[in-house]
Each structure stands twice: as structure tokens, then as C-alpha cells.
Amino acid sequence: MARPATSDAAPDPRPALQIAMIGHAFMGRAHANAYRQANHFFDLPRRLVPAVLVGRDAARAAAAARQLGFLRSTTDLDAVLADPAIDVVDVATPNDSHHRITMAALRRQKHVLCEKPLALSTEQALEMAALARKQRVRVAVWHNYRRAPAVALAARILGRGDLGEVRQVRAVYLQDWLRDGAAPASWRTSRRNCGSGAHGDLNAHLIDLVRALTGLEFDAVCGVQQTFTRQRPDGQGGSSKVDVDDAFCFLARFRGGAIGTFEASRVATGRKNHNCIEISGSKGALRWNLERLNELELFTADDGADVQGFRTILCMDPGHPYAADWWPDGHTIGYEHTFVHHVVDFVRALHDGTPFRPDFADGVAVQKVLDAALQSIGKGGWIKVGR
Ligand code: SOE
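What counts, and at which threshold
Residues numbered from 1 in each chain as written. Predicted model: local features only at pLDDT ≥ 70, side-chain atom pairs only at ≥ 80, totals over all residues. Heavy atoms only, no water. Near = heavy atom within 4 Å. Polar contact = N/O pair within 3.5 Å; in protein donor to acceptor, adjacent residues only side chain to side chain. 1 Å grid on protein atoms, 1.4 Å probe; cavity = no way out; pocket = protein on both sides within 12 Å on 5 of 7 lines; lining within 4 Å. Sits in = over half its atoms within 2 Å of the grid points. Helix = DSSP H or I, 4+ residues; strand = E, 2+ residues; numbered from the N terminus. Nonpolar A, V, L, I, M, F, W, Y, C, P; charged D, E, K, R; others polar. Points joined across faces, edges and corners; volume = space filled by probe spheres on them. Domains from an automatic or database assignment. Expected span 1.5 Å × (residues − 1). Buried < 20%, exposed > 50% of the residue type's maximum accessible area, 1.4 Å probe, protein only.

Participant: I'd love a proper account of the site of the ligand, names of residues and values included.
Facilitator: Residues in contact with the ligand, as listed here, are F26, K116, Y145, Y173, Q175, W177, R188, D201, L202, H205 and Y335. Q175 is positioned such that a nitrogen or oxygen atom in its side chain is 2.9 Å from an oxygen atom of the ligand. Applying the majority rule of atoms within 2 Å of the grid points places the ligand in the largest pocket. In terms of residues, the shell around the ligand owes the most to one element, helix α8 (residues 198-214), which gives three residues. Looking at the shell around the ligand, its residues break down into six nonpolar, two polar and three charged.

Okay, structure coming up:
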């Protein structure tokens with residue numbers, strides 16, 4: 001019988017990819033989890049090292065670094081960006097700092113992952129995209145829902161032409177965490193910090209998803225918005241003005257003739273994280289709902305008349321995108337895994353020199369639609385989306 005053997009884990013031969021994460025709130029936690037899980041479940045060409053977490057408060061940043069698995073923490077962003085050992089900068093901060101931090105990181109030749117929406121305006125987004133091209137570094141926008149297995153399968157189905165000509169898109173992203181007027185103000189309710197409310201936060205995801213799934217580009221949009229609660233508690237016994245939308249809907253015409261409806265709300269009572277897209281083609285249709293994110297509903301018109309109907313595909317079999325790296329057939333995954341897949345594909349693309357989407361050009365495209373829809377509010381009619 002073989003003698004028992006004990007050995008320390010062999011040193012990892014892969015070159016490290018040192019990551020600095022700026023910010024450590026909701027998205028920072030999701031990104032940190034993704035770095036850890038990507039190393040543990042996927043065969044990556046680089047060893048991800050969550051090297052430093054940057055925050056505004058030293059004690060809170062240190063506590064977050066410990067909890068999220070970063071080697072160190074600091075409040076000194078400039079020193080981190082100047083550190084030649086840092087390869088990737090992850091911008092997980094409120095929207096108004098995306099441009100400033102990303103531009104500083106790009107000037108230091110860092111690869112950048114930036115949260116959505118990319119910027120406060122198309123002008124800022126264009127500057128970020130131009131500098132990224134000039135610096136020849138790899139950049140991405142954290143539109144994570146592209147990498148839910150069911151969404152990636154939907155893109156594969158649409159890309160094969162199985163649904164025929166895409167004619168209509170109907171997309172909603174509905175939450176209700178601001179339904180109650182007593183829900184406090186935050187950076188997400190202040191135009192100076194976020195640019196827009198549900199629109200930039202949630203319609204941004206829908207715009208990116210529709211572009212990714214269908215390849216359609218927006219021609220013109222016409223929007224309507226409402227702010228139902230215009231003052232919210234500021235947490236210090238006073239109140240803050242709310243100067244962004246609680247809900248924002250818009251109609252869209254796409255180049256080539258397709259049309260679409262988009263709805264983002266943070267006051268859609270009873271809806272918690274209802275990101276739902278339905279695409280109608282000439283030969284079929286599909287529907288995805290984030291609240292049932294492993295499932296894809298599919299209708300194909302060439303089924304026999306007596307068996308036609310939407311069928312539900314559980315997208316967790318080995319043939320489905322990303323599924324084989326997790327668990328056996330049907331063992332479902334969750335919201336956080338979409339961020340893991342984003343990291344895996346980004347690291348592989350960075351190492352192999354292959355394209356990664358969504359990049360900053362995609363971030364610019366989203367910003368152009370967001371801005372045109374906002375302009376349509378002021379104009380009270382249709383606005384062309386800049387090309
Ligand atoms: C809040 O609306 C939020 O956290 C968004 O900011 C995220 O992008 C979305 O994925 C979940 O909801």
C-alpha cells in the first residue's frame with residue numbers, strides 16, 4: 001500500500017495579474033468575489049492577485065480589504081496608479097468619478113475595468129475611449145449581464161439567425177427600492193454624482209444587452225421620465241433634493257427598421273431586480289428574466305402547429321456557455337457568477353490579445369443613447385442618436 005504523502009501546494013507558475021480596486025461598496029464586493037472565484041473555478045493563463053483596495057476612509061478600506069481578500073488597502077490613489085506592479089485598475093466607484101480615475105489610470109498605461117455607465121456624458125466617454133485606444137491597453141465596462149449563461153446562449157441563437165429578422169425589442173429593468181419616500185437619498189439620487197437615476201443605472205444595462213444580443217444600433221429615441229419623490233432623508237436629520245428620475249421610459253427606432261420599448265424604474269412596486277428582455281423575430285422569439293437567470297424562454301415558429309409554444313431552457317448543461325466550469329447538469333448559478341464570467345473572459349482576452357466586449361466603444365454607444373433619450377425629454381419629441 002502506498003505510503004501516505006503530504007505536500008504543500010506547489011507554487012503557482014502562472015504570471016500574476018495585480019489588481020487595484022477603487023471603491024468597495026456593492027459593486028466592489030461583487031468584483032472582489034469574481035476575482036477570487038475566477039481563480040478557483042476557471043483555467044486562467046494569469047494568476048489574479050487582488051493586490052490593493054483603495055477607499056476614501058483608511059479604517060473602512062482596511063476592513064473591506066480584509067473581508068474581500070485584498071493584500072493591502074490605502075487612501076492614496078495616486079500612489080497606486082504610479083505603482084508599476086499594478087496591472088489592472090478596477091473602477092468600482094460612483095459615476096461622477098469614473099472619468100477622472102479611468103483617465104488617470106490610462107495615463108499610467110493600466111488596463112481598466114470600469115463600472116457602468118461608463119461616464120456622466122458622451123463627451124467624457126469619448127475622451128476615455130480615445131485615450132484607451134492611444135495607450136493600447138485593454139478596457140472593459142462592467143455590463144455583467146451579457147455573461148449570464150442564458151444571455152450568452154440567446155446571443156448564440158440570435159447570431160445563428162434562428163429567430164430570423166429581429167423586428168421588436170421590449171426591455172424592462174424594474175426595481176422598487178425607492179418606492180417608499182422614506183428611503184434615504186444617496187449618490188444615486190443626485191444628478192451631480194450619478195448623471196441620471198434609473199435611466200443611467202438600469203436603462204444602461206438594457207441598451208447594452210440589446211446591442212449585444214441583436215447587433216442592432218439605435219437610430220432615434222423618444223423618452224418620458226418622472227420623479228415621484230423630490231426630497232429624501234439625508235441621514236443627518238435633514239433632507240436632500242432628488243434631481244434625477246425615479247422612472248424613465250423611452251421608445252426606440254433602430255437602423256434597419258426594428259423598433260423597441262425600454263423601461264427603467266426604481267419605484268416599480270413589487271419588482272426587486274426584474275431585468276427582462278423579449279426579442280421578437282420573423283421566425284421566433286426569446287425572453288430572458290434576471291430573476292430566473294438560468295432560464296431562457298424560446299419560441300420557434302417552425303415547430304409543428306400542435307406543439308408550438310414558448311419552451312423554457314435551463315441553461316446549465318455542459319453545452320451551455322460557462323456551465324461546464326461550474327457544476328453538473330442543472331446545478332444552477334446566480335447573479336454573482338455573471339461577474340466571474342466577465343473577469344474570466346477579460347483576463348483571457350488580455351492575455352491572448354483577442355477582443356473583449358463590452359469595451360469603451362460599447363460604453364460610448366450606451367452613453368449616446370442615454371444622452372439622446374435625456375435630450376428628448378427637453379425637446380418633447382424624437383432625437384436622433386449620434387453615430
Ligand atoms: C442598483 O440599481 C443596481 O445595483 C445597479 O446599479 C446594478 O448595475 C444592477 O446590476 C443591480 O442594481
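Participant: Would you mind going over the layout of surface pockets in detail, with residue names and values included?
Facilitator: In this structure, the largest pocket spans a volume of roughly 1,100 Å³. Lining the largest pocket are 43 residues; nearest its centre among them are A25, A92, T93, P94 and W187. Contributing elements (two or more residues each) for the lining of the largest pocket: α1 (26-41), α4 (98-107), α7 (191-194), α8 and α9 (335-352). Take the lining of the largest pocket: its biggest share by element is four residues, from α8. Here the lining of the largest pocket is built from residues that sort into 17 nonpolar, 16 polar and ten charged. The two domains that each donate at least three residues to the lining of the largest pocket are domain 1 (16-144) and domain 2 (147-384). Approximately 250 Å³ is the volume attributed to the second largest pocket.

Participant: Can you break down α9 residue by residue, with the values?
Facilitator: Counted at 1.5 Å a residue, the expected span for α9 with its 18 residues is 26 Å, and the 27 Å between its end C-alpha atoms agrees. Counting buried positions along α9 gives 13 out of 18 residues, so the element sits mostly inside the fold. Of the residues flanking the end of α9, it is G353, one or two places downstream, whose phi is positive at about 70°.

Participant: I'd love a proper account of empty space enclosed by the protein, names of residues and values included.
Facilitator: What the rule picks out here adds up to two cavities of 30 Å³ or more. Quantified by volume, the largest cavity comes out at close to 70 Å³. Looking at the largest cavity, the residues that line it are P117, A119, L120, C194, G195, S196, H199, G200, Q367, L370, D371 and L374. The biggest single contributor to the lining of the largest cavity is helix α10 (residues 360-379), with four residues. Classifying every residue of the lining of the largest cavity by side-chain character gives six nonpolar, five polar and one charged. Counting contributing residues per domain, the lining of the largest cavity is built from domain 1 (16-144) and domain 2 (147-384), each supplying no fewer than three. What the second largest cavity holds in volume is close to 50 Å³. In this structure, the second largest cavity is lined by L17, I19, Y35, L48, V88, L113, V343, F346 and V347. Partitioning the lining of the second largest cavity into residue classes produces nine nonpolar, no polar and no charged.

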